[in-house]
Amino acid sequence: MYHVVIPKIGAATAWRTAARGFLAAQIPPHEICWQEPGTAPELFAHTQALPPTGDIKVSRRFVAMANSVVWHRDRDRFAHLYGFLWRLRDAPHLIGDHGDPHLARLRRMEKNVHRCQHKMKAFVRFREIGDPEAPRRSFAAWFEPTHHTVEPTASFFARRFGDMDWRIITPDKTAICVDGVVSFSAGQARPDLPEDAHEDLWIAYFENIFNPARLKVSAMCSEMPKKYWKNLPEAVAIPNLVKTAPERAEKMARAAPTLPPLRAERMKERLAQGNATDGALPSQTSAPRQRK
Amino acid sequence: MTVKRKLEILSDAAKYDASCASSGSSKRDSRDGKGLGSNEGSGICHAYAPDGRCISLLKILMTNFCVYDCSYCVNRVSSNVPRARFTVDEVVDLTINFYRRNYIEGLFLSSGIIRSPDATMADMVRIARRLRKEESFRGYIHLKTIPDAAPELIAEAGLLADRLSINVELPTDAAVEAYAPEKSPEQIRGAMADVRHRKDAAQDRSHRGRRPPRFAPAGQSTQMIIGADGATDKTILGRSTRLYGDYKLKRVYYSAFSPIPDSSAKLPLISPPLQREHRLYQADWLLRFYGFELDEITSTTRDGNLDLAVDPKLAWALEHRALFPVDVNKAPKELLLRVPGFGVKTAKRIVSTRRHCYLRYDHLLRIGGAMKKAQPFIVAGGWSPGSLTDSACLRARFAPSPEQLTLF
Ligand code: SF4
């Protein structure tokens, strides 16, 4: 029995190196025990990995998939990946077989990770932690992703926020970007970030862009699941918006004036005249007209 | 007036524009450390409001003062809503600070018409220029252009913004004339044609092989208000088909007319069901990505309107049962695309998977087809719908049951 511990930081490379070694030495999946750091090694396990030897060719689609699946929360992810990689040796077409249950499971895990990355790009909220007048401004965010997504998603933030320093702190890992260079360190407990006045403006925006006449709470919740709310400043406004929406919508409808018969007539008139007003320039100085 | 108060008024005024898309522009980032922002193809929805709509952009009006009197609009001159006006600095500052906190993908700026169309457009262009040139902002900018603004302004707007849009407002010319008396449908179309030509021209290389700067790389879009006039879905879809064709629009947005504060006496009191808007989007999608022809979709309409109970693809399949069931192991992709419950991705996967294995029903489940819907319309290994395809009550299987009656 072989026993490998894949570290939290740099898991993708570590898994790939180990898997290459095992594959080259033709070690079947049931002889390998893949573990996360901190879990007690199994009794009787030899604690060792094999050095990679020689060139091993693997489908590019598999590599891309593995690069996401390694960040999944499932403890068995490394074993599942190696198990499938093992099968690919003499059945390379399996990587395109949408009917294979083993692949379907990995694809599902890949999708979970992609979704988690996507939500992270969307829902991280920075607060300013430095001097707004400094040549490079600095920001920090606390985030709680479902999977281990900080590492594969950090480059997105580096591409986007090129002229500022930032850090994203999660329970599992911290990503820090200073002068455009990203590094990772251990996770932390929720930090006390300074208040940020722009949050108040953002909440005001969130409240006012909402249309109470179209309340669709389930649509909102399916895209912005409740588990994220505790770290979204704007979420504090949701309960009240939902509660007052029907009343606000009704008030607007009630306040609406009745439909004058004039409407139909005016339309007919205009139709009869042909497009008489076409091309007519609007009067730019027309005085505000009041409804009678 | 505080910036917060202005923001409240000017975002409230902007919410009736359905578009919040930030996808499909040129790829760029700020890894060089000399700017702020990136664009990676697909836009990100940073939040969802309780109306289920995505919040991707800071969608605001520069001002909601307006000299026009469009009946469906809260900002029309005759409405009594509170008014405000942002300065150029305020819009730039809000955009940059929201962006840095990862609230938004960029700015969607429109405006009521103050002083004159040119003056209004010039102010909007000034904001975009400040963002791009002084703040080195590389995020997304969508400008709602004013149809009768000077061509130089539109030309500059297109070089600064990712997307330009001009709303056709209502599905027919007669309705525009009745409800937006100062606007001219012809002028709106002229402005869309102008944007299309500039965009096309920016694609041609010069004789030296150099490419001119890109013009509105994310294209142009428009919005139509649904249910304010009497236009049928048939008329609406006919209009959008022409808009897509004539002006190469990226998107036509349909916005169900919604009651607005202080609404005009000229408008219907009842808002149309949101379901109608949804069906129109589905039909629009079928026309653009599923190979449906306009008359195929409209042939299933009743009195010119789409069936609200079932989606337009299912409605079409129910009327063309002779074509079904389709054999998933043999049928060409075009036919797979017609199967209710199969999306573009499903059809593609079926074609690639059946090359090396005979597809059975449970394969299809894993591939991701909505099988409950597809069942009556397909044959696969271990599955045949039998007489289900032709059964008279097939529609009832899908249509929501009529509202329950209660004892009175
Ligand atoms: S021009 Fe018409 S639609 Fe535009 S803001 Fe003014 S009143 Fe509203």
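Residues numbered from 1 in each chain as written. Chains lettered and ligands numbered in written order. Predicted model: local features only at pLDDT ≥ 70, side-chain atom pairs only at ≥ 80, totals over all residues. Heavy atoms only, no water.

So, the state of the cysteines
And step 1. Overall, the coordinates contain 1 disulfide over all chains when judged by the stated rule.
And step 2. Put simply, Cys45 of chain B and Cys54 of chain B are joined by a disulfide, and their sulfur atoms are 2.3 Å apart. The S-S bond linking Cys45 of chain B to Cys54 of chain B shows a torsion near -95 degrees; that makes this disulfide left-handed.
And step 3. With no disulfide of its own, Cys116 of chain A has Cys45 of chain B as its nearest cysteine by sulfur position, at a separation of 17 Å. (Disulfide = S-S within 2.5 Å.)

Quick look at the site of the ligand
And step 1. The ligand sits among Cys66, Tyr68, Cys70, Cys73, Asn75, Arg76, Gly112 and Lys183 of chain B.
And step 2. Counted by class, the shell around the ligand contains 4 nonpolar, 2 polar and 2 charged residues. (Near = heavy atom within 4 Å. Nonpolar A, V, L, I, M, F, W, Y, C, P; charged D, E, K, R; others polar.)

A few points about the domain arrangement of chain A
All names here are of chain A.
And step 1. Looking at the assigned domains, one finds that chain A contains domain 1 (2-119), domain 2 (124-186) and domain 3 (197-254).
And step 2. A straight line from the C-alpha centre of domain 2 to that of domain 3 covers 27 Å.
And step 3. Taken together, the contact pairs 6 residues of domain 2 with 9 residues of domain 3.
And step 4. A combined buried area of about 660 Å² lies between domain 2 and domain 3, and 42% of that area is made up of carbon and sulfur atoms. (Domains from an automatic or database assignment. Contact = heavy atoms within 4.5 Å. Buried area = accessible area lost by both parts, 1.4 Å probe.)

Considering helix H6 (residues 197-209) of chain A
All names here are of chain A.
And step 1. With 13 residues, H6 ought to run about 18 Å at 1.5 Å a step, and its terminal C-alpha atoms sit 19 Å apart, in line with that.
And step 2. Burial analysis of H6 places 10 of its 13 residues in the buried class, the great majority of the element.
And step 3. All of the buried residues along H6 are His198, Glu199, Leu201, Trp202, Ile203, Ala204, Tyr205, Phe206, Asn208 and Ile209.
And step 4. Put simply, Asp196 is the residue that caps the front of H6, since its side-chain oxygen is 2.9 Å from the backbone nitrogen of His198. (Helix = DSSP H or I, 4+ residues; strand = E, 2+ residues; numbered from the N terminus. Expected span 1.5 Å × (residues − 1). Buried < 20%, exposed > 50% of the residue type's maximum accessible area, 1.4 Å probe, protein only. Polar contact = N/O pair within 3.5 Å; in protein donor to acceptor, adjacent residues only side chain to side chain.)

Overview of the interface of chain B and chain A
And step 1. Each partner contributes to the interface: chain B provides 87 residues, whereas chain A provides 79 residues.
And step 2. Considering only the side of chain B, the residues that lose the most area to chain A are Pro50, Arg100 and Arg101 of chain B, jointly responsible for 11% of the buried surface there.
And step 3. Along the contact surface separating chain B from chain A lie 7 salt bridges.
And step 4. At the junction of chain B and chain A, the tally comes to 27 residue pairs in polar contact (both at pLDDT 80 or more).
And step 5. Per element, the largest residue contribution to the side of chain B that touches chain A is 6 residues, and it comes from helix H2 (residues 88-100) of chain B. (Salt bridge = Lys/Arg side-chain N within 4 Å of Asp/Glu carboxyl O.)

Digging into a positive patch on the surface
And step 1. A cluster of basic residues, Lys111 of chain A together with Lys333, Lys345 and Lys348 of chain B, forms a positive patch at the surface.
And step 2. Here Lys333 of chain B lies in helix H11 (residues 333-336). (Patch = residues over 30% accessible without salt bridge, like charges linked within 9 Å, V, L, I, M, F, W, Y side chains within 5 Å. Areas by Shrake-Rupley, 256 points an atom, 1.4 Å probe, with all protein chains shown as cover. Lys, Arg positive; Asp, Glu negative; His and termini not counted. Charge placed at Lys NZ, Arg CZ, Asp CG, Glu CD.)

Some thoughts on the packing of helix H4 (residues 101-123) of chain A against helix H5 (residues 150-160) of chain A
How two helices pack is summed up by the angle between their axes together with the distance between the axes.
All names here are of chain A.
And step 1. Running from N to C, H4 and H5 cross one another at 45 degrees; their axes reach a closest spacing of 10 Å. Comparing the axis directions of H4 and H5 gives the class oblique. Crossing handedness for the pair H4 and H5: right-handed. Where H4 abuts H5, its residues Gln117, Met120 and Lys121 lie against Val150, Pro152, Thr153, Phe156 and Phe157.
And step 2. Residues that form the contact of H4 with H5 fall into these classes: 5 nonpolar, 2 polar and 1 charged. (Axes fitted to C-alpha atoms, helices over the stretch in contact; angles between N-to-C directions. Parallel < 35°, antiparallel > 145°, perpendicular 65-115°, else oblique. Left-handed = near helix turned anticlockwise from the far one by under 90°.)

What to know about the sheet that holds strand S6 (residues 163-165) of chain B
Residue and element names in this part refer to chain B.
And step 1. Strand order across the open sheet formed by 6 strands is S3-S4-S5-S6-S7-S8, with parallel pairing between neighbours. The strands lining the two open edges of the sheet, one partner per strand, are strand S3 (57-61) and strand S8 (251-256). In this sheet, neighbouring strand axes are inclined to one another by 20 degrees on average, regardless of whether the strands run parallel or antiparallel.
And step 2. Bridge count for strand S5 (residues 140-144) against S6 is 3 bridges, and the pairing is parallel. The residue bridging His142 from the neighbouring strand is Arg163, located in S6.
And step 3. Helix-sheet contacts for helix H3 (residues 117-134) involve strand S4 (106-110) and S5, and the interaxial angle to S5 is about 170 degrees. (Pairing = 2+ DSSP bridges.)

Points about the nonpolar core
And step 1. The biggest cluster of nonpolar side chains holds 154 residues, and the ones touching the most others in it are Phe126 and Trp166 of chain A together with Phe98 of chain B.
And step 2. Formed by 33 residues, the second largest nonpolar core is a distinct cluster that contains Phe62, Phe78, Ala91 and Met109 of chain A. (Core = buried A, V, L, I, M, F, W, Y, C linked by side-chain atoms within 4.5 Å.)

A word on the pairing of strand S6 (residues 164-169) of chain A
Residues and elements named next belong to chain A.
And step 1. Among the 6 residues of S6, 5 are classified as buried, and the element is accordingly described as predominantly covered.
And step 2. Where strand S5 (residues 137-142) lies against S6, 6 bridges are found, and the strand directions are parallel. In the sheet register, Ala141 faces S6, and the bridge partner there is Ile168.
And step 3. With H5 bridging S5 and its parallel neighbour S6, the resulting β-α-β unit is right-handed.
And step 4. Pairing analysis gives 4 bridges linking S6 to strand S7 (residues 173-178), with the strands arranged antiparallel. Looking across to S7, one finds that Ile169 is bridged to Thr174.
And step 5. As consecutive antiparallel partners, S6 and S7 are separated by 3 residues. (Right-handed = clockwise from strand over helix to strand, strands pointing away.)

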